[in-house]
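Structural description and commentary
Residue-level listing of the chains:
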Amino acid sequence: MSTLFLLLILLLGFLITFQIAKASEYVGVLKGEKKNFEANNRINGFLMIAFLVLGLIGVYWCNELYRGKILGESASKHGEQIDTMMYITIAITGVVFVITQILLFWFAYKYQYSEKRTAYYFPHDNRLEIIWTVVPAIALTVLVGFGLFYWFRITGEAPADAAQVEVTGKQFGWIFRYPGKDGVFGKKYYKNIDEAAGNSLGLIWDDPSGHDDVVVGNEMYIEVLKPIKLIINSRDVVHDVGLVHFRQKMDAVPGTPTTMWFTPKFTTDEMKKKLGNPDFEYELSCDQMCGKGHFTMRAVVKVVTHDELILWKAKQKAAYVLAFPDKDPSAQPKIDTLPKNPSTAGIN
Amino acid sequence: MSNEATLHGHAATSHDADVHHDEHGHHHKETFITKYVFSQDHKMIAKQFLITGMIWAILGGLMSVLFRLQLGYPDAHFQILEDLLGSKWAKGGQIQPEFYYALVTMHGTVLVFFVLTGGLSGTFANFLIPLQLGARDMASPMLNMLSYWFFWLASVTMLSSLFVETGPASGGWTSYPPLSALGDASEGSKIGMDLWIISMALFVVSSLLGGLNYISTILNLRTKGMSMTRMPLTIWALFFTAILGVLSFPVLLSGFILLLFDRHGGTSFYLSDIYIASGKALPNEGGSAILYQHLFWFLGHPEVYIIILPAMGLVSEVMSVNARKPIFGYMAMVGSMFAIAVLAFLVWAHHMFVTGLNPFLGSVFVLLTLLIAVPSAIKVFNWLTTLWKGNIRFTPAMLFAIGFVSMFISGGLTGIFLGNSTLDIQLHDTYFVIAHFHIVMGVSGILGMFAGIYHWFPKMYGRYLNNTMAYIHFWITLVGAYLIFWPMHYEGLAGMPRRYLDYSGWLSFNQFGGLNRFISTVAMIVFAAQLLFVFNFFYSIFKGRRVITQNPWGATTLEWTAPIRPGHGNWPGEIPEVHRWAYDYAKDGRDFIPQTEPLGSNESAH
């Protein structure tokens, strides 16, 4: 009912606007084309300058309103560099924005039609044109220089002592794999994936280096102040690992593993205190459109201390053990032979 | 005297200039079909493109209103939506995820290709190239007609995809595989995706037929005296646009064909190592999903210049005419458009900084991308200088031209953020990107198009649009566009991902509920203002104030030397000869000097 009411109001608004517009056209013709044009020109000239003033005030106000709501201090060391770069770019573009917008609307206002004025024939000026080719070029060189300096630092090789976690995206969730005590990820093959048999990543059970791999969903535990390298995969379509607080983002592409690394600065608990928000969590979001559940593809990143991480890892059971409970080393004596699993047949 | 008579009191005089003019011989009688449907007259084809584009713009805009409704009011129930759209798409009056993603995909596809490419280039290249160059028609009127009808077929195919049971394509306007390749991964990737690909293929054909025609007309059919450097900037812009299209659309088509093979031919161009959640491991191995992105963006990036260059051309022309001053730095304007056109092909991978692209390769694309800012800056400063010391008439077209420059500055500057790979890590696929490309491509493109429509409507239909409605339309559109897109930058800086149905489940992104409601409300108001324009447009075709002078804006270019309502062939009798460039305004104490006037004995060419 209210929708219908709204539509009716809209229609009425249209009719009124139309009638006014029509009437003003008649009045214009009667008043004389020239007079009418001059009146309209003055109104629009005034609106130009009004738009400029109100617009700049609006920009300032919007800034005040939202600067507390965008991200605070970066939670990773790479993020600090991105933030620095952001401030440099905001400063340079901000100055250009204000100057050019003021010139645009002020010129429009100042040089509006007047019977007394004749336009100035000014087809070109090489000196001016060289100035505004060279100045932007220099400004952009500065930006490219800073940008690439940080870019290579961020995308460079991870330190050798970085911890590793494999992240795999799927419709619609995340799977995390830890290499276990041996620090090596076991081999996997996508045709081995069998959710029912507890093999959500397609691990090849014949590969002993995978026997201690821990596979968990939806929560990633990492250690504070220690570089972490993520090896990113996708099981189906393109996803993207987005970590806003760490200022990180990398696509998850089926068939082509990608990597990123960073060093978290604060534990989740420290962030809770820092922000005064007991519910704070680091979130991992999917940033590449992946289907109808795209917006629900959330995981939580728990940044913990070294000891807490050891404690957490001790509680995890390897995927191999979960898939073959009878092979649990803590339940029975060590086995010598590897299990033969038919699902690996035909894999090289 | 009745009002109608007041308005059209001078109508009688108009017939003097409005001669009917099938005088250049070989013209047979036109029927309704040959005049309005299968017309080979470039002016009629331009109108066909324009009106088809407008219909798409309304549909595409309506789609955005629907998904903004969801984003602004995620918890509300709009019963009317279920009544109209059925319970599959809008169960309980709430937009369902599949429908939401179909809407954003169609909104993007329709606006980018059908409105801002077909509607913009199609309209103004067809209308202005022969008229401003002094040609009777396009080099091949037949291909030109086919260009429109392929566009029409593409439109019908795309429209039909809205009505299939599994819905239209819903993998985003970029349609990245594997999502777009696998019906099992998404409902929209079933028949809807096939229709999308077929429609886009037809669109590419239309665009190529049109583009080749524009290029050959510009190169071959210029009237006597119309050297390339005497052409108005509109023509230069449309020329570069056509070249970009001809060189890049075929690459897109090849990408689509491979996608079609992957969908139905069992090939693995884009597919590898895929396990679908329903429990199926696909046999495809060794393909690269990233290959598609390269092919797509090889068109996709030039595409944004295919949109913005014609707008730049229209704005340059409108601005010069209404500032009563020559465009400042004509050669620099042409040179910067050339630079933009060349660089357009060398920057595509800046859409792919976070796909795992080699960081060194990324750095090359950073450099090339930020280089584009230089010609863009030149253009902006030249427009500003064109206004300086002018004698500005705020016709509706001029208002839109000024609005265009404002928007282009704002959106261009945020491009410097996104083109810098370091910042792109944080901003990629957030609302910052939405704000950036809507401002610099969407809003700027459409403002440029409006400038063109308001300026050349009198030439198209021999009548004026209503000024009061035009002013209302302009101010609501400009203010509204800033109110919608400016705050989105802040959402993007907060990392808020785009293409989310609902942010309430997220701790990091749920702080903008109020802002999203505000944006949605403004979006609806702006959409209503566009309907006002549409009404003004169609009303004025039939009832607008008549044009009674041949050259109502006091412009120098050739289209205003043609009769008020030119017939097929444009000029009765001889085609005019050109003696000077298109921008002799305020020269030697004269308001303007038409291009057809020979240089005076002691007059210097610009």
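Sequence order as written defines the numbering, with residues in each chain counted from 1. Chain letters start at A and ligand numbers start at 1, both assigned in the order the entries are written. Local features in this predicted model are restricted to residues whose pLDDT is 70 or higher, and side-chain atom pairs enter the listing and the counts only when it is 80 or higher, whereas totals over whole chains, interfaces and linings include all residues.

**Considerations on the overall build of chain B**
- In this text, helices come from DSSP runs of H or I with a minimum length of four residues, and strands from runs of E with a minimum of two, each type numbered from the N-terminal end. The secondary structure content of chain B amounts to 18 helices and 2 strands.
- To get the radius of gyration, use the C-alpha atoms; to get the globule rule, take the number of residues to the power 0.38 and multiply by 2.2 Å. Its C-alpha atoms give chain B a radius of gyration of 25 Å, within 12% of the compact-globule value 25 Å for 606 residues.
- The proportion of buried residues among the 606 residues of chain B is 63%.
- What counts as a contact here is a pair of residues whose C-beta atoms, placed from the backbone, lie within 7 Å. Intrachain contacts of chain B at a sequence separation of at least 6 include 80% that bridge at least 24 residues. Think of it as a crowd count around each C-beta: if 20 or more other C-beta atoms lie within 10 Å the residue is buried, if 12 or fewer it is exposed, and in between it is partly exposed, with C-beta placed from the backbone throughout.

**Points about the overall build of chain A**
- Of the regular secondary structure elements, chain A holds 7 helices and 10 strands.
- The C-alpha radius of gyration of chain A comes to 31 Å, more than 25% above the 20 Å expected for a compact globule of 348 residues.
- Reported as C-alpha extents along the three principal axes, the dimensions of chain A are approximately 105 × 60 × 45 Å.
- Across the 348 residues that make up chain A, the buried fraction comes to 37%.
- Restricting the contact set of chain A to residue pairs at least 6 apart, pairs at least 24 apart contribute 70%.

**Regarding the interface of chain B and chain A**
- Facing 107 residues of chain B, the contacting portion of chain A comprises 100 residues.
- Per-class residue counts for the side of chain B that touches chain A are 66 nonpolar, 30 polar and 11 charged. In this count, Pro and Cys sit with the nonpolar residues alongside Ala, Val, Leu, Ile, Met, Phe, Trp and Tyr, while Asp, Glu, Lys and Arg are called charged and the others, Gly among them, polar.

**Here's the deal with the sheet that holds strand β4 (residues 219–223) of chain A**
All names here are of chain A.
- Overall, mixed pairing links the 5 strands, which are arranged β4-β10-β9-β6-β7 in an open sheet. Of all strands in the sheet, those bounded by a partner on one side alone are β4 and β7 (248–252). Taken pair by pair, the neighbouring strands of this sheet meet at an average axis angle of 25°, ignoring direction.
- One ladder, built from 5 bridges, connects strand β6 (residues 239–243) with β7; its direction is antiparallel. Bridge pairing links aspartate 240 to aspartate 251 in β7. Strand pairing requires that DSSP identify at least two bridges connecting the strands. Orientation is described by lines fitted to C-alpha atoms, with helices fitted over the stretch in contact, and by angles between N-to-C directions that extend from 0 to 180 degrees.

**Observations regarding the sheet that holds strand β1 (residues 163–170) of chain A**
Residues and elements named next belong to chain A.
- Taken in spatial order, the 5 strands make up an open sheet running β3-β2-β1-β5-β8, and their pairing is mixed. Edge strands, defined here as strands with exactly one partner in the open sheet, are β3 (214–217) and β8 (258–262). Taking the axes of each pair of neighbouring strands and ignoring which way they run, one obtains an average angle of 25° across the sheet.

**So, the nonpolar core**
- Nonpolar cores are identified as sets of buried Ala, Val, Leu, Ile, Met, Phe, Trp, Tyr and Cys residues joined via C-beta atoms within 7 Å. Core analysis: the biggest nonpolar cluster contains 292 residues, and Val315, Phe400, Ala401, Phe404, Val405 and Ala451 of chain B have the highest contact counts within it.
- For the domains described, the bounds stem from an automatic or database domain assignment. Taken domain by domain, this core gets at least three of its residues from each of domain 1 (12–155) and domain 2 (163–326) of chain A.
- Setting aside its immediate chain neighbours within four residues, phenylalanine 400 of chain B contacts Leu447, Phe450, Ala451, Tyr454 and Phe474 of chain B.

**Regarding the environment of leucine 238 of chain B**
Residues and elements named next belong to chain B.
- With respect to the helices and strands, leucine 238 occurs in helix α9 (residues 233–264).
- Of the residues examined, leucine 238 has 29 C-beta atoms within 10 Å and is grouped as buried.
- Here leucine 238 is in contact with Ser121, Phe124, Ala125, Ile129, Tyr214, Pro310 and Gly313, once residues within four sequence places are set aside.

**A word on the environment of lysine 188 of chain A**
Residue and element names in this part refer to chain A.
- Its place among the elements puts lysine 188 in the loop between β2 (173–178) and β3.
- When the 22 C-beta atoms within 10 Å are taken as the criterion, lysine 188 is described as buried.
- Setting aside its immediate chain neighbours within four residues, lysine 188 contacts Leu201, Gly202, Leu203 and Ile204.

**Points about the domain arrangement of chain A**
Residues and elements named next belong to chain A.
- Structurally, chain A comprises domain 1 (12–155) and domain 2 (163–326).
- Put simply, the middle of domain 1 and the middle of domain 2, counted by C-alpha atoms, are 45 Å apart.
- For the side of domain 1 that touches domain 2, the class distribution of residues is 3 nonpolar, 4 polar and 1 charged.

**Comments concerning helix α12 (residues 359–371) of chain B**
- Here, expected helix span is obtained from the residue count minus one, scaled by 1.5 Å. Between its first and last C-alpha, α12 of chain B extends 18 Å over 13 residues, near the 18 Å set by a 1.5 Å rise per residue.
- The set of residues buried in α12 of chain B consists of Gly362, Phe365, Val366, Thr369, Leu370 and Leu371 of chain B.
- Structurally, α12 of chain B contributes buried residues whose contacts are with α4 (126–155) of chain A together with α11 (330–343), α13 (373–387), α14 (396–418) and α15 (421–427) of chain B.

**Some words on the confidence of the model for chain B**
Residue and element names in this part refer to chain B.
- Each residue carries a pLDDT score, the predictor's confidence in it, ranging from 0 to 100. Of the residues in chain B, 95% have a pLDDT of 70 or more, and the chain-wide mean is 92.
- Here residues 1–6 is a poorly scored stretch, pLDDT under 50, and it has 5 contacts once near neighbours within four places are set aside; other chains count.
- For this predicted complex, the interface confidence score (ipTM) comes to 0.92, while the overall pTM stands at 0.93.

**Notes on the pairing of strand β5 (residues 228–234) of chain A**
Residues and elements named next belong to chain A.
- Judged by how many residues are buried, β5 sits mostly within the fold: 5 of 7 residues are covered.
- Where β1 lies against β5, 7 bridges are found, and the strand directions are parallel. The residue of β5 that forms the bridge with glutamine 164 is lysine 229.
- Alignment of β5 against β8, held across 5 bridges, turns out to be antiparallel. Opposite lysine 229, over in β8, you have tryptophan 261 as the bridge partner.

**Observations concerning the environment of lysine 224 of chain B**
All names here are of chain B.
- Mapping lysine 224 onto the fold places it in the loop between α8 (191–220) and α9.
- A tally of 11 C-beta atoms within 10 Å means that lysine 224 is categorised as exposed.
- For lysine 224 and alanine 135, which are 89 residues apart along the polypeptide, the C-alpha to C-alpha distance reads 10.0 Å.
- With residues up to four places along the chain from it excluded, the contact list for lysine 224 reads Glu577 and Val578.

**Considerations on the confidence of the model for chain A**
- With 94% of its residues at a pLDDT of at least 70, chain A reaches an overall mean of 90.
- Low pLDDT, under 50, characterises residues 342–348 of chain A; the predicted model gives this stretch 8 contacts beyond four residues in sequence or across chains.

**Examining the packing of helix α1 (residues 2–31) of chain A against helix α17 (residues 467–493) of chain B**
- Remark: α1 of chain A packs on α17 of chain B, axes separated minimally by 7 Å, with the N-to-C direction vectors making an angle of 130°. The angle between α1 of chain A and α17 of chain B falls in the class oblique. In this structure, α1 of chain A uses Thr17, Ile20, Ala21, Ser24 and Glu25 of chain A to contact α17 of chain B, whose residues at the interface are Asn467, Thr468, Met469 and Ile472 of chain B.
- Classifying every residue of the contact of α1 of chain A with α17 of chain B by side-chain character gives 4 nonpolar, 4 polar and 1 charged. Small angles under 35 degrees read as roughly parallel and large ones over 145 as roughly antiparallel, with 65 to 115 read as roughly perpendicular and the rest as oblique.

**What to know about the packing of α13 of chain B against α14 of chain B**
Residues and elements named next belong to chain B.
- Close contact between α13 and α14 brings their axes to 11 Å; oriented N to C, the two are set at 155°. When the axis of α13 is compared with that of α14, the two are roughly antiparallel. In terms of crossing hand, the pair formed by α13 and α14 is left-handed. Between α13, through Ala373, Ser376, Val380 and Trp383, and α14, the contact on the second element is made entirely by Val405, Phe408, Ile409, Gly412 and Ile416. Whether a crossing is left-handed or right-handed is set by the direction in which the near helix is turned from the far one by less than a right angle, anticlockwise for left-handed and clockwise for right-handed.

**Here we look at unusual backbone geometry**
- Omega for the bond connecting glutamine 171 of chain A with phenylalanine 172 of chain A falls within 30 degrees of zero, at -5°, which places this linkage in the cis form.
- When you line up the elements, phenylalanine 172 of chain A lands in the loop between β1 and β2.
- Geometrically, the link from proline 177 of chain B to proline 178 of chain B is a cis peptide bond, its omega value of 0° lying close to zero.
- With respect to the helices, strands and loops of the structure, proline 178 of chain B is situated in the loop between α7 (141–161) and α8.
- Phi at asparagine 218 of chain A is positive, roughly 65°, even though this residue is not glycine.
- You will see that arginine 499 of chain B, though not glycine, has its phi angle at about 60°, which is positive.
- Looking at the element boundaries, arginine 499 of chain B is found in the loop between α17 and α18 (513–543).
- A residue is classified by how many C-beta atoms lie within 10 Å of it, and arginine 499 of chain B, with 19 of them, is partly exposed.

**Examining the pairing of β7 of chain A**
Residues and elements named next belong to chain A.
- Counting buried positions along β7 yields 5 of 5 residues, so the element is predominantly enclosed.
- With burial as the criterion, each face of β7 is covered, one bearing Gln248, Met250 and Ala252 and the other bearing Lys249 and Asp251.
- The antiparallel pairing of β6 with β7 creates a hairpin that spans 4 residues between the two strands, and arginine 247 there sits at a positive phi of about 60°.

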